[in-house]
Amino acid sequence: MPISNRQAINLFLDAMSAEKGASPNTLDAYQKDLDDLDGTLSGKKMRFETCDTDALRGYLADLAERDLAASTVARKLSAIRQLFGFLYRDGFRSDDPSTPLKAPKRNRPLPKILTVQEVDRLIEAARFNASLEGPTPKRQIRAMRLYVLLELLYATGLRVSELVSLPASAAHQDGQFLAVVGKGSKERLVPLSDRAKEAMRDYRRLLTDTGGAGTPTARQWLFPSSGDTGHYTRQAFARELKSLADDVGLKAASVSPHVLRHAFASHLLQNGANLRAVQKLLGHSDISTTQIYTHIMDEKLMELVEQHHPLSDKSAANHPKLMGKKE
């Protein structure tokens, strides 16, 4: 017996709720997306039971004309695939017309970047705070810890999870490289500056002087904590960093530990570092992940052309002969 589009949607939502335990918010989102599809197909007197792939492609083309974000179109396509997969599995259709459909490509957002000067403001402010004698040992340790975290992060480009979970032995590193275990338990070496090594040692010395280095967590982790993990968390680091950003006049929303990792990579490339070398430092398995930072190089090249090419407006303005003027 034929079913209407409305009945098909209701049956699908009931199945999602009963079989997959979908939340009310998820069901509401599915309903809105499928109601939109129903509105388009019903206007063309098409039913979910009998429409073909071309009809669904026509709907996707209609979405494109509405200038919707690629993420929105991808979400709607996901709802369509799940609906028609349900209709096929439950015998309402003999095929699944959504199978050949392809999701639109999503443009990867460019990472937020801090300038060298902005990073310097953050690190110098943290260094100054760490140099002050705190009202309590705990306050002083907290200030010193933030400085060391910033120094290390900008010097190495570590992932935030790698940074906060460094072992206590890192502070006793004598060589120029630090061994880090990253994603997939893969180990890599990252250069360690003398300044970063000194900051770590000063921090551990402060822990020892204040009696905080003898605890089991302090013996295991470079940045010990009383929390479940035993070490300082990335969430706590992010909160303290945003507070520091606010103190130095930067927008807290644009500053995070991950943004400093972006700054590390972008500033290296900006100053001539090899892309493959930056890939290894960041621990990226695929160089395409690292290539997103090359927009910094593209901007630098564009600026170079605009400033110095004889046919650019800026360059011509500085050369009277090009502007038809006499010297």
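Preceding this section is the structure that the text describes.
All figures in this text were calculated on a predicted structure; none of them were measured in a lab.

Engineer: Give a detailed account of the pattern of salt bridges, specifying residues and quantitative values.
Structural biologist: Per the counting criterion, the structure on display carries 20 salt bridges. The partner of R195 in a salt bridge is E124, with the nearest N and O atoms 3.7 Å apart. Here R195, found in helix α8 (residues 194-209), pairs with E124, found in helix α5 (residues 116-131); they are 71 residues apart in sequence, far enough to count as distant. Under the relative-accessibility criterion, E124 is labelled partly exposed at 31%. Taking the shortest distance from any N to any O, the salt bridge between E151 and R195 comes out at 2.9 Å. Residue E151 is located in helix α6 (residues 137-156), and its partner R195 is located in helix α8; the two are separated by 44 residues in the primary sequence. Overlapping salt bridges, with partners in common, bring together D33, D36, D62, R66, R75 and K76 in one network.

Engineer: Please give an account of the packing of aromatic side chains that cites residues and values.
Structural biologist: Within a pair of aromatic rings, the relevant descriptors are the distance that separates the centres and the angle that separates the planes. Tallied over the entire structure, the rule returns five aromatic pairs. Centroid distance Y203 to F223: 5.4 Å. Interplanar angle 40 degrees. Geometry classified as tilted. Note that Y203 is positioned in helix α8 and F223 in the loop between α9 (216-220) and α10 (234-247), a separation of 20 residues in sequence. A residue is classified by how much of its surface remains accessible, and Y203, at 1% relative accessible area, is buried. When its relative accessible area of 0% is taken as the criterion, F223 is described as buried.

Engineer: Can you tell me about the environment of Q7, naming the residues and giving the values?
Structural biologist: Within the secondary structure layout, Q7 lies in helix α1 (residues 5-20). What makes Q7 partly exposed here is its relative accessible area of 42%.

Engineer: Quick one: what's the story with the layout of surface pockets, residue by residue and with numbers?
Structural biologist: Rolled over the atoms, a probe as big as a water molecule pinpoints where empty space is left. Approximately 520 Å³ is the volume found for the largest pocket. Lining the largest pocket are 19 residues, with K138, I141, R145, P224 and S225 sitting closest to its centre. Contributions of two or more residues to the lining of the largest pocket are made by α6, α8 and α10. Per element, the largest residue contribution to the lining of the largest pocket is six residues, and it comes from α6. Of the residues contributing to the lining of the largest pocket, the split by class is seven nonpolar, six polar and six charged.

Engineer: Can you tell me about the packing of α5 against α10, naming the residues and giving the values?
Structural biologist: Any two packed helices are characterised by the angle at which their axes cross and by the distance between the axes. Where α5 meets α10, the axes come as close as 10 Å, and the angle between the chain directions of the two elements is 100 degrees. As far as their axial angle goes, α10 and α5 are roughly perpendicular. Where α5 approaches α10, its residues L122, A125, A126 and N129 are matched on the opposing element by L241, L244 and A245. In terms of residue class, the contact of α5 with α10 is made up of six nonpolar, one polar and no charged.

Engineer: Outline the packing of helix α3 (residues 53-65) against helix α4 (residues 70-89), supporting the account with residue identities and numerical values.
Structural biologist: Taken N-terminus to C-terminus, the directions of α3 and α4 make an angle of 160 degrees; their axes are 11 Å apart at the nearest point. Accordingly, the angle class assigned to the pair α3 and α4 is roughly antiparallel. You can see that α3 and α4 cross each other, and the crossing is right-handed. Contacts from L56, Y59, L60 and L63 in α3 reach V73, K76, L77, I80 and F84 in α4. Here the contact of α3 with α4 is built from residues that sort into eight nonpolar, no polar and one charged.

Engineer: I'd like a rundown of the environment of F12, residues and numbers included.
Structural biologist: Note that F12 resides in helix α1. Here the alpha-carbon distance between F12 and L83, two residues 71 residues apart in the chain, equals 6.3 Å. Setting aside residues up to four positions removed in sequence, F12 forms contacts with Y30, L34, Q82, L83 and F86.

Engineer: How would you explain the pairing of strand β1 (residues 177-181) if you had to name every residue and give the values?
Structural biologist: Burial of the side chains of β1 is restricted to one face: L178 and V180 are buried, whereas none of F177, A179 and V181 on the reverse face is. In the sheet, β1 pairs with strand β2 (residues 187-191) via five bridges, with the strands oriented antiparallel. Note on β2: the bridge partner recorded for A179 is L189. Counting the residues between successive antiparallel strands, the hairpin from β1 to β2 contains five residues, one of them, G184, with a positive phi of roughly 65 degrees.

What counts as what
Residues numbered from 1 in each chain as written. Predicted model: local features only at pLDDT ≥ 70, side-chain atom pairs only at ≥ 80, totals over all residues. Heavy atoms only, no water. Salt bridge = Lys/Arg side-chain N within 4 Å of Asp/Glu carboxyl O. Helix = DSSP H or I, 4+ residues; strand = E, 2+ residues; numbered from the N terminus. Buried < 20%, exposed > 50% of the residue type's maximum accessible area, 1.4 Å probe, protein only. Phe/Tyr/Trp six-rings, centres within 6.5 Å; stacked < 30°, edge-to-face > 60°. 1 Å grid on protein atoms, 1.4 Å probe; cavity = no way out; pocket = protein on both sides within 12 Å on 5 of 7 lines; lining within 4 Å. Points joined across faces, edges and corners; volume = space filled by probe spheres on them. Nonpolar A, V, L, I, M, F, W, Y, C, P; charged D, E, K, R; others polar. Axes fitted to C-alpha atoms, helices over the stretch in contact; angles between N-to-C directions. Parallel < 35°, antiparallel > 145°, perpendicular 65-115°, else oblique. Contact = heavy atoms within 4.5 Å. Left-handed = near helix turned anticlockwise from the far one by under 90°. Pairing = 2+ DSSP bridges.

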